[in-house]
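In case you want the letters, here they are:
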Amino acid sequence: YSSSGPNLQQLPKKGEGVKFRECLLPHHKNAVICSVDFKGQELRLAAERSQDKNMLACYVGDNLKDPHSITAAGAMKLKWGSQAVKELFAQYGSEGDDEYSLFLKVHAIGKSAPIGKKADDLRKDSKNVNFTAQFGGQAAKISERLIMPLEDAQLFLQARAEMFPDVEVAAKKAEQVCMNTGYATTLMGARRHLAKGILSNSSQEQQRAARQAWNMEIQGSAAEMTKLAMARLWKSGLLWKYDVRFIAPIHDELVTSIAAKDAVEVIKVKHECMTAPYSTMKVPVWGSISVGPDFAHQYETGDWYIRENIESALSDIFDEREVLAA
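Residues numbered from 1 in each chain as written. Predicted model: local features only at pLDDT ≥ 70, side-chain atom pairs only at ≥ 80, totals over all residues. Heavy atoms only, no water.

1. Side note on the overall build of the protein chain
No. 1: When helices and strands are tallied, the protein chain shows 14 helices and seven strands.
No. 2: For a compact globule of 326 residues, the expected C-alpha radius of gyration is about 20 Å, and the protein chain comes in at 22 Å, within 12% of that figure.
No. 3: Along the longest, intermediate and shortest principal axes, the C-alpha atoms of the protein chain span 60 × 55 × 35 Å.
No. 4: For the protein chain, the proportion of contacts with a sequence separation of at least 24, taken over those separated by at least 6, is 62%.
No. 5: Here the protein chain displays about 17000 Å² of accessible surface, and carbon together with sulfur accounts for 52% of that area.
No. 6: Computing the positive centroid from 41 side-chain charges and the negative centroid from 41, the protein chain places the two 5 Å apart. (Helix = DSSP H or I, 4+ residues; strand = E, 2+ residues; numbered from the N terminus. Rg over C-alpha atoms; globule rule 2.2 N^0.38 Å. Contact = heavy atoms within 4.5 Å. Areas by Shrake-Rupley, 256 points an atom, 1.4 Å probe, with all protein chains shown as cover. Lys, Arg positive; Asp, Glu negative; His and termini not counted. Charge placed at Lys NZ, Arg CZ, Asp CG, Glu CD.)

Pasting the structure below:
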């Protein structure tokens, strides 16, 4: 399930690198590229494994929170200072507001205002740190990857740890179990053997192996979830019943080329294949649907299968093609 030359699992989603996605085209002129993207796949798995109440509140219940805004709310005081946050409470806060509620209000002001832009930048950095830290990234790695000062990287990690404390506890527990057993498992029990690193005379090798335990619990389970979705897609018979081509799993997306005449029916089943319950996981699995003339230019149709949204996107794609052809 890994590839190279190019590595399809790491095609960039933005910046100059997104041009690589333009290379993935429909298999004929009356077809579209469809992606269904696991929404917050690894963060949902972290919520399930850790049962952290703040992270669970992002995925379970009627009033869902935004995990990146939670981290940003924690970073707000650390980065902007207690006095600045106190002044924001006086200006924008209401009775009963906590720092998360305050951050949402400041962020909602919009990027046209300096404070709104500042809040938006803080959330973007928090989002990047949330995902990078989920892969076991430490401050130095985050600083290098996200091109931010080392002190800021440490600050965001501290904020994340304070806002999602039980995630840190679960990660440490996974490391300890791995140190005792020599292996780590996915949610369905697949093992990654790490005894060689654990038993190494090098403390650095031991620590590296221990950190890989939590990665296995989250990233290994995510890979398992993706493989099961592909298996369901295969067993559904869609690939033979309709005019459709399976392209690849890319990041946390399954990418297909579908004839426009079959797209509505195929996308419905494809979405069901991806959002089916995984193992004993209680946190729901969501999938974001998009279609487009190629993989780089996609029309988002939402996290749920809504026939009208897909039909509207298809209409926009072919209307645009007619304009460009003219």
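Structure shown, so let's carry the discussion forward.
2. Structural notes on the side chain of Glu217
No. 1: Along the chain, the position of Glu217 falls in helix α11 (residues 203-235).
No. 2: Under the relative-accessibility criterion, Glu217 is labelled buried at 13%. (Buried < 20%, exposed > 50% of the residue type's maximum accessible area, 1.4 Å probe, protein only.)

3. Topic: the packing of aromatic side chains
No. 1: Applying the stated rule across the entire model yields two aromatic pairs.
No. 2: When the centroid spacing of 4.7 Å and the interplanar angle of 85° are considered together, the rings of Trp234 and Trp240 count as edge-to-face.
No. 3: Here Trp240 falls in the exposed class, since its relative accessible area comes to 54%.
No. 4: Stacked on the ring of Trp80, the Lys or Arg Lys118 has its end atom at 4.8 Å from the ring centre.
No. 5: Over the ring of Tyr183 we find Arg191, and its NZ or CZ is 3.9 Å from the ring centre. (Phe/Tyr/Trp six-rings, centres within 6.5 Å; stacked < 30°, edge-to-face > 60°. Lys NZ or Arg CZ within 6 Å of the ring centre and 35° of its normal.)

4. A closer look at unusual backbone geometry
No. 1: Positive phi is not limited to glycine here, since His251 has a value of about 55°.
No. 2: Locating His251 in the fold gives a position in the loop between β4 (244-250) and β5 (253-259).
No. 3: Classification of His251 by relative accessible area gives partly exposed; the value is 38%.
No. 4: The phi angle at Ser279 is positive, at roughly 50°, despite the residue not being glycine.
No. 5: Tracing the backbone through its elements, the reader meets Ser279 in the loop between α13 (263-275) and β6 (287-292).

5. Overview of empty space enclosed by the protein
No. 1: Following the criterion strictly, the structure yields two cavities of 30 Å³ or more and no others.
No. 2: Its volume calculated, the largest cavity comes out at about 40 Å³.
No. 3: Around the largest cavity sit Phe38, Lys39, Gln41, Arg44, Met225, Met281, Pro284, Val285 and Trp286, which together line it.
No. 4: Residue composition of the lining of the largest cavity, grouped by class: six nonpolar, one polar and two charged.
No. 5: Estimates place the volume of the second largest cavity at around 30 Å³.
No. 6: If you go around the second largest cavity, the residues you meet are Leu233, Leu238, Leu239, Val244, Thr256, Ile258, Val266 and Lys270. (1 Å grid on protein atoms, 1.4 Å probe; cavity = no way out; pocket = protein on both sides within 12 Å on 5 of 7 lines; lining within 4 Å. Points joined across faces, edges and corners; volume = space filled by probe spheres on them. Nonpolar A, V, L, I, M, F, W, Y, C, P; charged D, E, K, R; others polar.)

6. Considering the pattern of salt bridges
No. 1: Under the counting rule described, the total for this entry stands at 19 salt bridges.
No. 2: Of the charged contacts in the structure, one is a salt bridge between Lys19 and Glu16, with a shortest N-O distance of 3.2 Å.
No. 3: With a relative accessible area of 47%, Lys19 lands in the partly exposed category.
No. 4: For the salt bridge of Glu99 with Lys77, the shortest nitrogen-to-oxygen distance reads 2.9 Å. With a gap of 22 residues between them, Glu99 in helix α5 (residues 99-108) and Lys77 in helix α3 (residues 67-80) connect regions that are remote in the sequence.
No. 5: On the basis of relative accessibility, which here comes to 36%, the residue Lys77 falls in the partly exposed class.
No. 6: Through salt bridges with shared partners, a single network forms among Lys13, Arg21, Asp37, Asp252 and Glu253. (Salt bridge = Lys/Arg side-chain N within 4 Å of Asp/Glu carboxyl O.)

7. Things to note about the packing of helix α1 (residues 41-50) against α11
No. 1: At a minimum axis distance of 9 Å, the contact between α1 and α11 shows a crossing angle of 120°. What the angle tells us is that α1 and α11 run oblique. When the axes of α1 and α11 are compared, the crossing they make is right-handed. Where α1 abuts α11, its residues Gln41, Glu42, Leu45, Ala46 and Arg49 lie against Trp214, Glu217, Ile218, Gln219, Ser221, Ala222, Met225 and Thr226. (Axes fitted to C-alpha atoms, helices over the stretch in contact; angles between N-to-C directions. Parallel < 35°, antiparallel > 145°, perpendicular 65-115°, else oblique. Left-handed = near helix turned anticlockwise from the far one by under 90°.)

8. Regarding the packing of α1 against helix α6 (residues 114-134)
No. 1: Close contact between α1 and α6 brings their axes to 10 Å; oriented N to C, the two are set at 65°. Crossing geometry of α1 relative to α6 is assigned as left-handed. Residue-level inspection shows Glu42, Leu43 and Ala46 of α1 in contact with α6, the latter providing Asn130, Phe131 and Gln134.
No. 2: Classifying every residue of the contact of α1 with α6 by side-chain character gives three nonpolar, two polar and one charged.

9. A word on the pairing of β6
No. 1: The buried fraction of β6 amounts to six of the six residues, a majority that puts the element mostly inside the structure.
No. 2: Burial along β6 is two-sided: Gly287, Ile289 and Val291 facing one way and Ser288, Ser290 and Gly292 facing the other are all buried.
No. 3: As paired elements, strand β1 (residues 31-38) and β6 share six bridges and run antiparallel to each other. Its bridge partner being in β6, Val36 is matched across the sheet by Ile289.
No. 4: Pairing of β6 with strand β7 (residues 299-302) involves three bridges; the strand directions are antiparallel. Bridging from a neighbouring strand, Ile289 pairs with Gly302 of β7. (Pairing = 2+ DSSP bridges.)

Any link to function would need more than the numbers given here.
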